[in-house]
Every structure is written in structure tokens, then in C-alpha cells.
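Structural description and commentary
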Amino acid sequence: MILGHVGGILIPESVTGAAGISETMYHAAALTLGAVSGFMTLTGVAILIYRRRTTGSVFSATTRNDKGTYVLLVATLVAGLATTALGTSRDIHTTTGLRWRLTSDRFSTFTPTST
């Protein structure tokens, strides 16, 4: 999942356009791959929680912190999958990705902006 998020933010639209990938194709691939990755991760967490609940020694070693972490992890995954399922049509190249690239350029060149 990290590769998809980082790639989506760092790769400018000019690069995907030069490769012959339209915004529609890019968006469809991102949604498909994101959904598959999300469900695979959610399945992995479900297996992990099942093992924690059914293996005595692992269950007894489970702390409240572990349980809280699982709740937050599952909530984050479900929120991401819900966003994917809603099929937001936001153009990441000109919104989040552009802002992130501009900010990282300022930090990497030590060029603060005047406000």
C-alpha cells in the first residue's frame, strides 16, 4: 500500500501522460489496486486477530495496547476502503500530490515561502 500512496503522490501527471496513461486509466488502476491491497490487508489483520483469540499463549500475552492498536488499524483500513468504494473523483496530481511535491521541494532546497 505504501508504494501506491507514495507513487501516486510523487509521480507528476506529466510523467503518466507521457507514458500514455490517461487520468481515467490512472484513476481506475489506483482504485482497483487500492481495493485489492486494502482487502488483502484487512484479511491479514483478521487472521492475526483470530490467531490472538484462539491460541492460548498468544491470547494471554495480548495487552490492552494490542487491542487498542487493532481497533485503530481496522478503523483506518475500513475508512480507506470506504473512500475507495465511494470512488472519489479527485485528481490527486493537481491536489494532494502537487501540494506535497511543492512542500518537499521547499524543504529539500531550504527555500521558505514568505507569508
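Residues numbered from 1 in each chain as written. Predicted model: local features only at pLDDT ≥ 70, side-chain atom pairs only at ≥ 80, totals over all residues. Heavy atoms only, no water.

1. Some thoughts on the pattern of salt bridges
Per the counting criterion, the structure on display carries one salt bridge. Among the ionic pairs, Arg52 bridges to Asp66, the shortest N-O distance being 3.7 Å. With a gap of 14 residues between them, Arg52 in helix H3 (residues 23-54) and Asp66 in helix H5 (residues 64-86) connect regions that are remote in the sequence. (Salt bridge = Lys/Arg side-chain N within 4 Å of Asp/Glu carboxyl O. Helix = DSSP H or I, 4+ residues; strand = E, 2+ residues; numbered from the N terminus.)

2. Quick look at a nonpolar patch on the surface
Together, Ile2, Val6, Leu10, Ile11 and Val15 make up a nonpolar patch on the protein surface, roughly 430 Å² of accessible area in all. A total of three residues in the nonpolar patch trace back to one element, the largest contributor, which is helix H1 (residues 2-10). Position of Leu10 among the secondary structure elements: in helix H1. Its relative accessible area of 40% is what places Leu10 among the partly exposed residues. (Patch = residues over 30% accessible without salt bridge, like charges linked within 9 Å, V, L, I, M, F, W, Y side chains within 5 Å. Areas by Shrake-Rupley, 256 points an atom, 1.4 Å probe, with all protein chains shown as cover. Buried < 20%, exposed > 50% of the residue type's maximum accessible area, 1.4 Å probe, protein only.)

3. Here we look at H5
If you check H5, its first and last C-alpha atoms are 33 Å apart, about what 23 residues at 1.5 Å a residue would give, namely 33 Å. Among the residues of H5, Tyr70, Leu77 and Leu81 are the ones counted as buried. (Expected span 1.5 Å × (residues − 1).)

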